[in-house]
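The chain contents come next:
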Amino acid sequence: MAYLRAKIEKPIEFLSCGRFESEVPWTHGRRCLDSFVVIIGLEGCLHIAQDGEKYEVRPGDVLVLLPGVVHEGYRPCEAGVSYFWFHFLTYSPYAVLDEASLSAELASLNGPESQKTCDDVYLPLYFSPVSIERANILFQQLQHIGMSNYYTQQAAHYIATLLLIELSDQMIASYKTSPDKSQGDRNLAEIIEWVRVHALEDISVRDVAKRFRYNKNYLSRFFKQKTGFNLKEYINLMKISKAKDFLTRSSLGVKEISERIGIADEKYFMRLFKEYESMTPTEYRKAFYLIHMNNH
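All of the points below concern the structure found in this document. (Residues numbered from 1 in each chain as written. Predicted model: local features only at pLDDT ≥ 70, side-chain atom pairs only at ≥ 80, totals over all residues. Heavy atoms only, no water.)

## Looking at the sheet that holds strand 5 (residues 53–57)
- An order of 5-4-7 is seen for the 3 strands of this open sheet, with the pairing classed as antiparallel. Every other strand in the sheet has two partners, leaving strand 5 and strand 7 (71–73) as the edge strands with one partner each. Across the sheet, the axes of successive neighbouring strands diverge by a mean angle of 30°, strand direction being ignored. (Pairing = 2+ DSSP bridges. Helix = DSSP H or I, 4+ residues; strand = E, 2+ residues; numbered from the N terminus. Axes fitted to C-alpha atoms, helices over the stretch in contact; angles between N-to-C directions.)

Laid out in structure tokens, this is it:
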């Protein structure tokens with residue numbers, strides 16, 4: 001696995017973004033660009049190779065294409081393939097790290113002042129973030145800002161930088177709970193992933209405790225100690241995150257979205273959404289109405 005390290009002491013330079021969708025079988029063209037490209041899979045499977053290495057970008061996968069490196073489709077994609085894309089440049093030289101170099105650099109981020117001094121983002125060239133919905137929401141904001149009549153382009157530069165920070169933060173968090181970590185940290189990673197996968201169901205703290213054979217009260221304390229959130233709050237946050245994804249990527253009504261995320265009571269969902277987002281679902285949807293779609 002290779003990892004991109006890029007400096008963000010200044011915001012990256014946002015160039016363009018959009019959502020690609022093909023209604024017919026399609027093969028990505030052969031290109032060698034002078035900018036970075038981030039691709040986030042939405043539907044179907046994008047078959048694309050970079051520097052000869054083949055990737056299958058499926059829903060929730062993220063692929064980073066490097067400047068000056070040839071990328072091309074290596075087989076046709078089925079009709080319906082869809083993904084977000086955005087192009088950017090960095091102001092400082094970047095580096096591509098191997099696993100050993102990444103591990104050494106991340107080890108230095110364990111100090112109490114590391115969050116104040118770190119001015120880098122780290123992105124695997126290909127990975128599946130645990131909370132891709134958060135990245136999708138930021139991308140929707142990036143699209144909206146990129147197509148709005150702001151008097152300064154800096155708005156797009158900053159939100160694009162925030163999107164990279166979000167992806168980097170998720171990668172670092174997952175890396176720190178890898179198999180060489182403590183059993184407790186590995187259990188926590190499994191619990192977080194299980195909640196993410198089942199967030200669209202009517203799940204409770206009791207369900208999670210039963211699934212992982214924990215005492216319910218102990219699990220709540222353990223989860224709070226490790227994450228800063230109590231488990232019920234985390235479940236709600238995941239549901240709201242899924243709901244925001246539906247609000248910005250579909251035309252489903254509020255009642256349908258409530259049912260989709262495992263909340264039968266539409267009024268309770270609306271109260272919960274406003275509690276976490278300080279606006280109603282409808283107000284949130286109205287905030288993101290501009291999109292850029294292409295099919296070639």
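## Some words on the pattern of salt bridges
- This structure, assessed with the given rule, holds 12 salt bridges.
- In this structure, the salt-bridge partner of D120 is K7, at a minimum N-O distance of 3.3 Å. In this pair, D120 is assigned in strand 10 (residues 120–124) and K7 in strand 1 (residues 3–7), connecting sequence segments 113 residues apart.
- Accessibility expressed as a relative area gives 15% for D120, which makes it buried.
- Its salt-bridge partner being E277, residue K244 comes within 3.1 Å of it at the nearest N-O pair. On the criterion of sequence distance, the pair formed by K244 in helix 8 (residues 231–249) and E277 in helix 10 (residues 266–277) is long-range, its members being 33 residues apart.
- Classification of E277 by relative accessible area gives partly exposed; the value is 22%.
- Three or more residues joined by partner-sharing salt bridges are found here, namely K7, D119 and D120. (Salt bridge = Lys/Arg side-chain N within 4 Å of Asp/Glu carboxyl O. Buried < 20%, exposed > 50% of the residue type's maximum accessible area, 1.4 Å probe, protein only.)

## Points about the side chain of R19
- Mapped onto the fold, R19 is located in strand 2 (residues 13–21).
- The exposure class assigned to R19 is buried, which follows from its relative accessible area of 16%.
- Here E21 takes part through its side chain, which lies 3.5 Å from a polar atom of the side chain of R19.
- Side chain to side chain, R19 and S82 meet in a polar contact 3.1 Å long. (Polar contact = N/O pair within 3.5 Å; in protein donor to acceptor, adjacent residues only side chain to side chain.)

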